[in-house]
Each structure stands twice: as structure tokens, then as C-alpha cells.
Number of protein chains: 2
Amino acid sequence: MIKIAIDAMGGDYAPGAIVKGCLQAAEVYPDIQIVLVGQSGRIKEYLPGEAIKPNLEIYEASEVVEMHEHPAAAVKKKKDSSIVVATRLVKDGYADAVVSAGSTGAQMAAALLYLGRIKGISRPAIGTVIPTLQSGKLLLDVGANPDAKAENLLQYGVMGKIYAEIILGINNPKIALLNIGSEEGKGNELAQKAYELLKNSTLNFIGNVEGRDIPYGTADVIVCDAFVGNIVLKTIEGMASSLFQLIKEKITANTLRKIGALLIKPGLKEVAGSLDYEVYGGAPLLGVNGTSIVCHGSSKEKAIFNAIRVAKECTEQKIIQKIADELEKSNGN
Amino acid sequence: MIKIAIDAMGGDYAPGAIVKGCLQAAEVYPDIQIVLVGQSGRIKEYLPGEAIKPNLEIYEASEVVEMHEHPAAAVKKKKDSSIVVATRLVKDGYADAVVSAGSTGAQMAAALLYLGRIKGISRPAIGTVIPTLQSGKLLLDVGANPDAKAENLLQYGVMGKIYAEIILGINNPKIALLNIGSEEGKGNELAQKAYELLKNSTLNFIGNVEGRDIPYGTADVIVCDAFVGNIVLKTIEGMASSLFQLIKEKITANTLRKIGALLIKPGLKEVAGSLDYEVYGGAPLLGVNGTSIVCHGSSKEKAIFNAIRVAKECTEQKIIQKIADELEKSNGN
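Let me sum up the structure you'll find in this document. What you see is a predicted model; the values in this text were computed from it and never measured. (Residues numbered from 1 in each chain as written. Chains lettered and ligands numbered in written order. Predicted model: local features only at pLDDT ≥ 70, side-chain atom pairs only at ≥ 80, totals over all residues. Heavy atoms only, no water.)

1. Focus on the pairing of strand E6 (residues 137-140) of chain A
Look at any regular strand and the pattern is simple: side chains alternate between the two faces of the sheet.
Residues and elements named next belong to chain A.
Right, so step 1: The side-chain alternation of E6 yields two buried faces, one formed by Lys 137 and Leu 139 and the other by Leu 138 and Leu 140.
Right, so step 2: Pairing analysis gives 4 bridges linking strand E5 (residues 125-130) to E6, with the strands arranged antiparallel. In the sheet register, Gly 127 faces E6, and the bridge partner there is Leu 140.
Right, so step 3: Taking the residues that link successive antiparallel strands as the turn, the E5-E6 hairpin has 6 residues, and the phi of Ser 135 there is positive, at about 60°.
Right, so step 4: Two strands pair when backbone bridges link them, and E6 and strand E9 (residues 221-223) are joined in this way by 3 bridges, in the parallel orientation. Bridging across to E9, Leu 140 finds its partner in Val 223. (Buried < 20%, exposed > 50% of the residue type's maximum accessible area, 1.4 Å probe, protein only. Helix = DSSP H or I, 4+ residues; strand = E, 2+ residues; numbered from the N terminus. Pairing = 2+ DSSP bridges.)

2. Topic: the side chain of Thr 235 of chain B
Residue and element names in this part refer to chain B.
Right, so step 1: Assignment of secondary structure puts Thr 235 in helix H8 (residues 226-250).
Right, so step 2: On the basis of relative accessibility, which here comes to 0%, the residue Thr 235 falls in the buried class.
Right, so step 3: Polar side-chain contacts of Thr 235 include one of 2.7 Å to the backbone oxygen of Ile 231. (Polar contact = N/O pair within 3.5 Å; in protein donor to acceptor, adjacent residues only side chain to side chain.)

3. A word on the sheet that holds strand E8 (residues 205-209) of chain B
All names here are of chain B.
Right, so step 1: Read across the open sheet, the 11 strands follow the order E3-E2-E1-E4-E11-E10-E5-E6-E9-E7-E8; overall the sheet is mixed. Two strands in the sheet have a free side with no partner beyond their single neighbour: strand E3 (56-60) and E8. Each strand of the sheet is rotated relative to its neighbour by a mean of 25°, with strand direction disregarded.
Right, so step 2: Bridge analysis of strand E7 (residues 175-178) against strand E9 (residues 221-223) gives 3 bridges, and the strand direction is parallel. Bridging across to E9, Leu 177 finds its partner in Val 223.
Right, so step 3: In this fold helix H7 (residues 189-199) packs onto E7, E8 and E9, with an angle of close to 165° to the strand it touches most, E8. (Axes fitted to C-alpha atoms, helices over the stretch in contact; angles between N-to-C directions. Contact = heavy atoms within 4.5 Å.)

4. Some points on the pairing of strand E10 (residues 283-286) of chain B
Residue and element names in this part refer to chain B.
Right, so step 1: As judged from the 2 bridges shared by strand E5 (residues 125-130) and E10, these two strands associate in the antiparallel manner. Bridge pairing in E10 links Ile 126 to Leu 285.
Right, so step 2: The pairing of E10 with strand E11 (residues 291-294) spans 2 bridges and is antiparallel. By the bridge assignment for E11, Ala 283 is matched with Val 294.
Right, so step 3: Here E10 folds back onto E11, and the loop between the two strands holds 4 residues, one of which, Gly 287, carries a positive phi near 110°.

Here you go:
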């Protein structure tokens, strides 16, 4: 039976939203066991006696890593924090995967400390599925390694390929490099070197994509360093939310428009739905030797439910093993 | 009398849209002289005899730098290209400013070759005014220097401050560093070093902003290296256009929604209007020792008109001199 450990204390809406997402997952997936890791007293507040499922358990962890703490230092100091305990459950073989919406830095630090890296990976990456006009596509790295080298970007391509194939169900995914022009030779030093490596790899490398291509879903996997990736990801979020805010304001500015707004409301809801990152739940720390799924800090019930689904799929599909195999294959070439 | 030289052959819609924008500017600003630089035969196609203004002249340049050419090489080779000739007119004192919607790289190469840099500036930057929920704000560098150093970013802050004060009319503009977290100490090596320099400068430095803050207009001037800036700028453009495409599709998906769409159409037009970069016309190559205004490649009549307005204001306000003074002052501290 697959067992998934959840950091019940991590995230803007923890532990309430986390517990609710777990209850939903426990109901929908009776074949998995969910381990809520955290302060049992606080977790139980959201667990009405009659609602608890047989495949849901609580594992006590007395401490919490806060968002403002230095990730690596906090992980070393707070050995009984929910993220450390949940990650250790994976290391010890008690659980198959860990899911958290808490400090991503702390989750990465705990993963590196207790799970280590997949052989051949020098720096893990955080992938995220971004909504585009053509379904969800993978962008990485969005947070792990802000001073990446070209070799790292090549490895992101290899790991991204596996993730896109297995979890997003894309056959022979198109891999692209995020850059400031479409032609070869464009970009800063890092991008120029990474282009060379990607071009000479066995990946289905389609070349450079520019910022404006991202929302159109031209590529299935886009690689970049974490500084660029994180800023781009947040720019996309900010653009979506600010535009919706502006649109709502303008289309309700007078009575006539308000009537129109009512009529098109279902359409706008569909647009919002297609931009909803909660559908994708979370994305793994790619390159870590164990399944550790990162959720958005503002994850609610639905995102947590979907992150558990992703953790389940990653485990069932043996994604870690497949990445290790692919790396060995590509290094053998 | 202020004289502005326009690269009539640069841009996706050249020379037609360029000539039309110039005709409009010549009409609205009878106190400036506009010099259309390019292939006179092609320019004249768009200049009906009776429409030509006394304050509009043509200056022959037989060659054109194409978008696919290597900028520096093309500028050296094509000495009679419209961008080179227009820039030389500024160097020779015949014109006060140059405006182009052609290859930005070629415009920069020509500016560096013929106008040089302002004393104290090691690397010029391209600024661009981006629409936000709170009027237009300046983002720089969006294209000149993809491998910037921390000192460059500090100078972008100084130049951006002057531009925001004079052209955007913002008093004591708030300067921010684009980064992957709001706290000090965040980011890659470049951002960490730049933060230190900005913090210790005389600028009104408000710290880091993240990608999601950009569309909300939290800062008046945002500095970053050109790799990040260019990708962010294009991501913003891509998000705006892809979202509008999706919204149009969804709000006209059935008859009822089509009726609603008609009623809210003026509201959506207002939203589109507030995102319209053509209002801002163009932005100067900041740090170049002469006024050289960069327009978006897809500029049409309105953008060209507004770029001429910006060129006029930069000249009237002696922006180059003010940047030089400010640099001297900040170096003297």
C-alpha cells in the first residue's frame, strides 16, 4: 500500500486546508494511506471523530518551520518539525512520498539532508506546471538553484522530460530553453552554453522560447535557472490576478455592463478555471532521491488533494528510478 | 528649433506606419522639425504631395539593417543605413534625437559607435515603460546587457530615477530590485550584490520586488539585468495577449454570452487601452551620450507619434545632462 506523508503544518492555510485535502484524498483513494505529520492537537481540531478514515493517520511532530526562517538552519535546528519528520518518514521507508505547502527552501534542505540526490544530479530543481492555452506545461527550475550552470539546465531537461511523459502524459515532450531571442547564439553566457549542451543531447530540443511563448504552450518543458524561473512564474501569477481585478472593475462600472457581466460570468469562470494551478496540485523536487512534492504556499483543499494524487502517481510510476535510468543512459552516450 | 531624426525604415510596419506617425507629430508639434531618414522613394509613397508639412523633411539613406543581421557587424558594414545615418545626424548636431522601431541591437551599436556613453556609465540600458494597475512604470534593463554586474544595476537605478522624474512625472520615484523574494539576502549572486549597492546609495530604494508585484505598480523603477528584464517584459506581453484571446473565445461561446460580451465590450476596451504600450511610445537607450529612443518593433502610427513626443521631452528637459550631473553627484558622495 502506498503511504504518503503530509506536512500538515506547512502553508498559508495550514493545518485546516491541509487536513481537508487529506480527508478528500483518503476518501477518493482508499488504496493509499495518508500520514498527517504535525502537531496532533491542532490537526485534530479539523478532524471530526466520525469523519476520520481508516486510511488516515496522525504522526506527531512538535515543531514548525516558519516562512521567515533560514531554511537550512531551521531544518538543522528543528529536528522535530513537521517537514523534517515527514521527510524522514520517506528516508526510513515508512512513507513513499512527502507533500508540503510550507517553506520550499526548508523542504529542499530537508530533502537534501535526508534523501540526498539521484546519482549524476549535481543540483535538484523545482518544477512547476503552468497553465497555458494548450494544457499544463512544465517550467523548471522555479526556485531551487538561482546560480545554475549550463550542465544543471541540461539535467533539468532530462528530468523534465521524464516528468512530462509520466505525469503530464505528453509523448516525446518538446524541450525548450527560455531565452531572449529565438535564434541560436542569443542570450547571456549561461543560456549560450546551455543551448549547446541541449542541442547535442538526445532530448527533443526545439531551441529557444521567449517569454511571450510561455502562455501559448509552445514547449512542453521549459528550462531556465531558478532566478529567471521564479520571477517568470510570479509574473505570470501577478498578470493573471491583476488583469482579472482590472477586468472585474471595468465590466461592472455601470448598470448596462453589470448585466453583460452576469451573462458572461460562466465564460470568465472557465477562463479562471483554466488558469487554476490548484488542478496540478504540486510538482516534485526533481533530482532528489525520493518523492517530495512542493505545493504553492497558498494551496487550499483542492491543491492538496491534487498534490497527493501527483505523489501517488510519482510513486506508482517509479519516477525516481526512471530519472536515474535516463541519466545513466544519457551519460553513457 | 528641436530636430528629431526618425529611422523611417525600421520596424514591422515601416515605412508606412512610421511616416504616418511623423505626419501626425508634425501636425501636432509645429515647433519641432522631423527628419525622415531612409530610402526617399519608399518614404514618398506614403507622403501625398498635399499632405507634406513644412516641418517634415526627408534625408536619404540607401541601406536598411534587417532584423536577422548581427547588429554590430551590420552597423559597421552598412554605413549608409537609415539607423546609422539618423544616429550620425545627432552626433553631427544636425538633429537633437533619434527614434527607431528597427533592430534594437543595431540602434544600440550605432549609438555606442557614434554617440558614445555618458561619463561614468559602463553599460547603457534599455528602459521600457510597462503598464500597471497604477499608471506606467519603468523597467530596465530590458535588452542591452544580458550579463550585467551589480555596479550596472546601481547605475540603472540612477538613470531610471531621472527618467521617471522627468518623463513619467513621478516625484522621488521608488526604486526597486527585481528579485525572487522580498527579504534582504535573497536572490542570486548578482542580486545580492546589487541590493547592497542600492541600499547604500542616495536613491529612494524600497528593496526587492517579486514578479507578481510588477503588474500592480508597487515600484516606480524596477532594475534587473537584461536577460531577466527581456524575458519578464515578453512574458507580460504574452500573458496579456493570450488571456485576451482566451477571454474573447469563452465569452462568445454561446448566444447568451455573446449578448453579454456586447454589453461589456466598452469595459474590455478600457482594459486593453490601459495595457497599451503604444501610449508610452518608446524609451531611451539610457546611458548613451545623446537621445536615442527605442520603439517596439511592432509600433504603429500612435507609438511613433508618442515616441517623437518622448524624444521632444527628453531634449527639452536635457535628460542626458541631468543623468550626467546625477552620476557625478552620486559618485562624489
